[in-house]
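Chain by chain, the residues:
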Amino acid sequence: MDTNHIHQQAIGVFDSGIGGLTVANAIHTHLSKESIYYFGDTNRIPYGTKPASTVLQYCMEISQFLLDQSCKVIVVACNTATAAALPQLRATWPQVPFVGMEPAVKPAVSATKTGKIGVLATQTTFKSPRYQRLLERFVESYECFENPCIGLVELIEAGCWDSRETETLLRSIVEPMLAKGVDTLVLGCTHYPFVKELLQRIAGPAVQIIDPAPAIARRLESILIDKGWQRQRETKPEQKFWVSGDKDALEKALSRLDFQNPNIFRFQSQ
Ligand code: DGL
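To start, this report covers the structure provided alongside it. It should be emphasised that the depicted structure is a prediction, and the values quoted were computed from it without experimental measurement.

How each quantity is defined
Residues numbered from 1 in each chain as written. Predicted model: local features only at pLDDT ≥ 70, side-chain atom pairs only at ≥ 80, totals over all residues. Heavy atoms only, no water. Helix = DSSP H or I, 4+ residues; strand = E, 2+ residues; numbered from the N terminus. Rg over C-alpha atoms; globule rule 2.2 N^0.38 Å. Buried < 20%, exposed > 50% of the residue type's maximum accessible area, 1.4 Å probe, protein only. Contact = heavy atoms within 4.5 Å. Areas by Shrake-Rupley, 256 points an atom, 1.4 Å probe, with all protein chains shown as cover. Lys, Arg positive; Asp, Glu negative; His and termini not counted. Charge placed at Lys NZ, Arg CZ, Asp CG, Glu CD. 1 Å grid on protein atoms, 1.4 Å probe; cavity = no way out; pocket = protein on both sides within 12 Å on 5 of 7 lines; lining within 4 Å. Points joined across faces, edges and corners; volume = space filled by probe spheres on them. Nonpolar A, V, L, I, M, F, W, Y, C, P; charged D, E, K, R; others polar. Pairing = 2+ DSSP bridges. Axes fitted to C-alpha atoms, helices over the stretch in contact; angles between N-to-C directions. Parallel < 35°, antiparallel > 145°, perpendicular 65-115°, else oblique. Left-handed = near helix turned anticlockwise from the far one by under 90°.

Bringing the overall build of the chain into the picture now. Each helix and strand in the chain was counted, giving eleven helices and ten strands. For 270 residues, the compact-globule estimate of 2.2 N^0.38 gives 18 Å, and the C-alpha radius of gyration of the chain, at 18 Å, lies within 12% of that figure. Principal-axis analysis of the C-alpha atoms places the extent of the chain at approximately 55 × 35 × 35 Å. Residues counted as buried form 56% of the 270 residues belonging to the chain. In the chain, 76% of the contacts between residues at least 6 apart in sequence involve partners at least 24 apart. Roughly 12200 Å² of accessible area belongs to the chain as shown, and the carbon and sulfur atoms make up 47% of that amount. A distance of 3 Å separates the average location of the 28 positive side-chain charges in the chain from that of its 28 negative side-chain charges.

See the structure below:
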């Protein structure tokens, strides 16, 4: 890494697919001078039903790729990948700040009035020791209802953000939670904000839905400030996107977000 110009380097962001774009978009909105390099591992999605050891190996490969592009910071824009890999990523590259994601259980317990929260995340996230520790620390006297949302990531990757099939699946997930008195839902997978509007319609306006992406953008900003690594607007920031599978899902998702003229590349592994 060229440390003389480190502040000008891009922020690396990755996920199993298009989900992390919800985080990249929040970063782009909050830190508009920064360049963003995004990697979506669409060829190997989903991560959420794979063993943590497999996800860890993918995270190591992608982080190496982003660091080869001279990224100054890496945002692991995937709850599953964070649960499976964050400590190992930090130990492997101690000079690189890694920002991880975890289900926003803490803000949810502060927000709930009924004392009942619902967490939507993947199987691998729920099974992780990291998530179990989160529950032990914050949930205590609250009731927490969980659902691994089987099939939802695939529907979102397919662009079915408002389809009948997605609505049926979401209803089967959240209606039992609402019947128990849940008034706060945590989007514990970065894909799920793509169906937030549909979810809000199903749950009704009284239910609060927590998407942690803006908080991640603020956390990233404080790291950049601490290190003096904020990008100066000497040249236009770059927005580059790599996918390991086909580009369709990413192109469709980007057309709904705020990026202008993004460059999209097909990543070929050696
Ligand atoms: N977007 C990922 C997350 O935040 C998981 C999606 C997947 O299962 O690949 O957990």
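Anyway, onward from the coordinates.
Let's shift gears to empty space enclosed by the protein. Tallied over the entire structure, the rule returns one cavity of 30 Å³ or more. In this structure, the largest cavity occupies an estimated 40 Å³ of space. Those elements that place two or more of their residues in the lining of the largest cavity are helix H3 (79-92) and helix H6 (129-138). In terms of residues, the lining of the largest cavity owes the most to one element, H3, which gives three residues. Here the lining of the largest cavity is built from residues that sort into four nonpolar, four polar and two charged.

Note on sheets: strands pair through backbone hydrogen bonds, and any given pair is parallel or antiparallel. Sheet architecture is open: six strands sit in the order E4-E3-E1-E2-E9-E10, paired in parallel fashion. Both edges of this open sheet fall to strand E4 (98-99) and strand E10 (263-266), since each of them pairs with a single strand only. Here strand E1 (residues 11-15) pairs with strand E3 (residues 73-76) via four bridges, running parallel. Within the sheet, the bridge partner assigned to Val13 lies in E3 and is Val75.

This part is about the packing of helix H1 (residues 21-30) against helix H10 (residues 213-227). Packing of H1 against H10 leaves a shortest axis separation of 8 Å and a crossing angle of 55 degrees. With respect to H10, the axis of H1 lies oblique. Once H1 is placed against H10, the crossing between them reads as right-handed. Taking contact as the criterion, the partners of Thr22, Val23, Ala26, Ile27 and His30 in H1 are, on H10, Ala213, Pro214, Ile216, Ala217, Arg218, Leu220 and Glu221. Looking at the contact of H1 with H10 residue by residue, the class counts come to eight nonpolar, two polar and two charged.

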